[in-house]
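Architecture and fold: a report
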Amino acid sequence: MQNAFTVDVEDYFQVSAFEAVVDRDQWVRFPSRVEDNTGRVLDLLDRHGTKATFFVLGWVAERQPQLVREIDRRGHDVACHGYSHRLIYNQTPAEFADETRRAKDVLEQLVGRPVRGYRAASYSITRRSLWALDTLIELGFAYDSSIFPVRHDRYGIPGAPRFPHVIERGAGRSIVEFPVSTLNLGAYRLPVGGGGYFRIFPYWLSAGAIAYLNRRERQPAMFYMHPWEIDPLQPRIAASLLSRFRHYYHLDKCELRLERLLAGARFTNVDAVLADYGQRQPLERMRYDDSGISLVAPVPLAVA
Ligand SMILES: [Zn+2]
């Protein structure tokens, strides 16, 4: 079973946890570490012969185009992490369309082919911002990975499907959704697909969860990380206790854990996982609208 390995390419000062204390117009003042850190992620992946999908922030791509070209040159997929890292539900649909188009354009010019995948800042497609799916479809994205099917203070649609599926938005419009991995523990849904959860929970929990998904549920995992998560020497930012905990906990342990993870399970880019998945079973089609999420009944075959 192949799992998806994804990297959200952004700098340590651009994260949503620090949004309240770091203004966007101050970003240029911070020493950038994203290129060096992403280089270390690329080396890590090379050591394990693993291909991955990199969701790159448009703001970073405009300032460090050589970084995007290097990700592409080393055989990985370049996808889109939006432009400004603003949470979608804090934007108007017009603002979101403008900045997403800008990010997609700059990335496509750098890699010379269509960018197929999108992931929102802090998984900010929620019940309040389902309209963003229509924008992604209009801009030509083939898949999205922005809906976290958990309960959280900043993101999540609790109860949303846990595995790859097709989102239908009416009028024949649809997009594939590949959510970050979770486990169902009774009534509780546990996020196990990377990021802070990978650093904060013990290693065996993440590794065991991916093995469980693959062997028992027969499903691929979706794993994500950020380049700043393997950088314990990054400058410290004074933020709330909760934000500092989420951002800084176990930064010194993360790279070693990733080595173990990549040695123990098979990972590749999102497109390869979806192609393999689609060959084994047709994707479930789910209708997302203001009344909720519902399974679209398969169209019965006409009997000749
Ligand atoms: Zn991000």
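Just above sits the structure.
A short tour of the structure in this document, coming up. In this numbering scheme, every chain counts its residues from 1 along its sequence in written order. With the structure being a predicted model, the display of local features is reserved for residues of pLDDT at least 70 and the display and counting of side-chain atom pairs for 80 or more, all residues being used for whole-chain, interface and lining totals. As a convention, hydrogens and water are excluded, and side-chain values are obtained from all of the structure's heavy atoms.

Brief notes about the pattern of salt bridges
One side-chain nitrogen of Lys or Arg within 4 Å of one carboxyl oxygen of Asp or Glu is enough to make a salt bridge. Summed over the entire model, instances satisfying the criterion amount to 23 salt bridges. In this structure, Asp-46 and Arg-74 form a salt bridge, with 2.9 Å as the shortest nitrogen-oxygen distance. Of the two residues, Asp-46 sits in helix 1 (residues 34-47) while Arg-74 sits in the loop between helix 3 (65-73) and strand 3 (77-80), which places them 28 residues apart along the sequence. Judged by relative accessible area, which is 18%, Arg-74 ranks as buried. Its salt-bridge partner being Asp-134, residue Arg-169 comes within 2.8 Å of it at the nearest N-O pair. Placement of the pair is Arg-169 in the loop between strand 6 (165-168) and strand 7 (174-177) and Asp-134 in helix 5 (residues 131-138), with a sequence separation of 35 residues. Here Arg-169 matches Asp-134 in class, with each residue buried. Connected through shared salt-bridge partners, Asp-43, Asp-46, Glu-70, Arg-73 and Arg-74 make up one network. A run of DSSP states H or I qualifies as a helix once it reaches four residues; a run of E qualifies as a strand once it reaches two. Both are numbered from the N-terminal end. Only protein chains enter the area calculation, which uses a 1.4 Å probe; residues under 20% of their type maximum are buried, those over 50% are exposed, and those in between are partly exposed.

What about the pairing of strand 7?
Within a regular strand, the side chains alternate between the two sheet faces. Criterion used throughout: strands pair if DSSP finds at least two bridges between them. Here strand 5 (residues 143-144) pairs with strand 7 via two bridges, running parallel. Considered in strand 7, the bridge of Tyr-143 is made with Val-176. Strand direction decides the pairing type here: strand 6 and strand 7, joined by four bridges, are antiparallel. Residue pairing across strands places Val-166 opposite Val-176, the latter belonging to strand 7. In textbook terms, the turn of a hairpin is the stretch between consecutive antiparallel strands, and for strand 6 and strand 7 this stretch comprises five residues, one of which, Gly-170, has a positive phi near 90°.

Brief notes about the side chain of Ser-181
With respect to the helices and strands, the residue Ser-181 is situated in the loop between strand 7 and strand 8 (182-185). For Ser-181, a relative accessible area of 4% gives the class buried. In terms of polar contacts, Ser-181 uses its side chain to reach the backbone amide nitrogen of Met-222, at 2.7 Å. Working rule for contacts: check all heavy atoms of both residues, and any pair within 4.5 Å makes them a contact. Setting aside residues up to four positions removed in sequence, Ser-181 forms contacts with Phe-148, Leu-190, Pro-191, Val-192, Gly-193, Leu-213, Pro-220, Ala-221 and Met-222. For this analysis, a polar contact is any N or O atom pair within 3.5 Å, provided that within protein one partner can donate a hydrogen and the other can accept it, and provided that sequence-adjacent residues contribute only side-chain to side-chain pairs.

Description of the packing of helix 1 against helix 9 (residues 251-264)
The axes are straight lines fitted to the C-alpha atoms, using for helices just the contacting stretch, and the angles between their N-to-C directions are given from 0 to 180°. Packing of helix 1 against helix 9 brings their axes to within 10 Å, and their N-to-C directions diverge by 30°. Judged on the interaxial angle alone, helix 9 and helix 1 are roughly parallel. Considering the relative orientation of helix 1 and helix 9, their crossing is right-handed. Counting all contacts with helix 1, which are made through Arg-40, Leu-44, Leu-45 and Arg-47, the residues of helix 9 involved are Glu-255, Leu-258, Glu-259 and Leu-262. Of the residues assigned to the contact of helix 1 with helix 9, the class counts are four nonpolar, no polar and four charged. Reported orientations rely on four angle classes, namely roughly parallel under 35 degrees, roughly antiparallel over 145, roughly perpendicular from 65 to 115, and oblique for the rest. Crossings are classed by handedness, with left-handed meaning an anticlockwise turn of the near helix from the far one by less than a right angle and right-handed meaning a clockwise turn. For this classification, Asp, Glu, Lys and Arg are treated as charged, while Ala, Val, Leu, Ile, Met, Phe, Trp, Tyr, Cys and Pro are nonpolar and the rest, including Gly, are polar.

Things to note about the coordination of the zinc ion
Each protein donor to the zinc ion is listed here as Glu-10 (OE), His-81 (NE2) and His-85 (NE2); together their distances run 2.0 to 2.1 Å. Along the chain, the residues donating to the zinc ion fall in the pattern E-x70-H-x3-H. With Glu-10 in the loop between strand 1 (3-9) and helix 1 and His-85 in the loop between strand 3 and helix 4 (93-111), this pair connects stretches of sequence that are 75 residues apart. Classification of His-85 as buried rests on a relative accessible area of 4%. The donor set comprises N, O and S atoms within 2.8 Å of the metal, extended to 3.2 Å for Na, K and Ca; water molecules are omitted, so apparent gaps in a site may simply reflect that omission.

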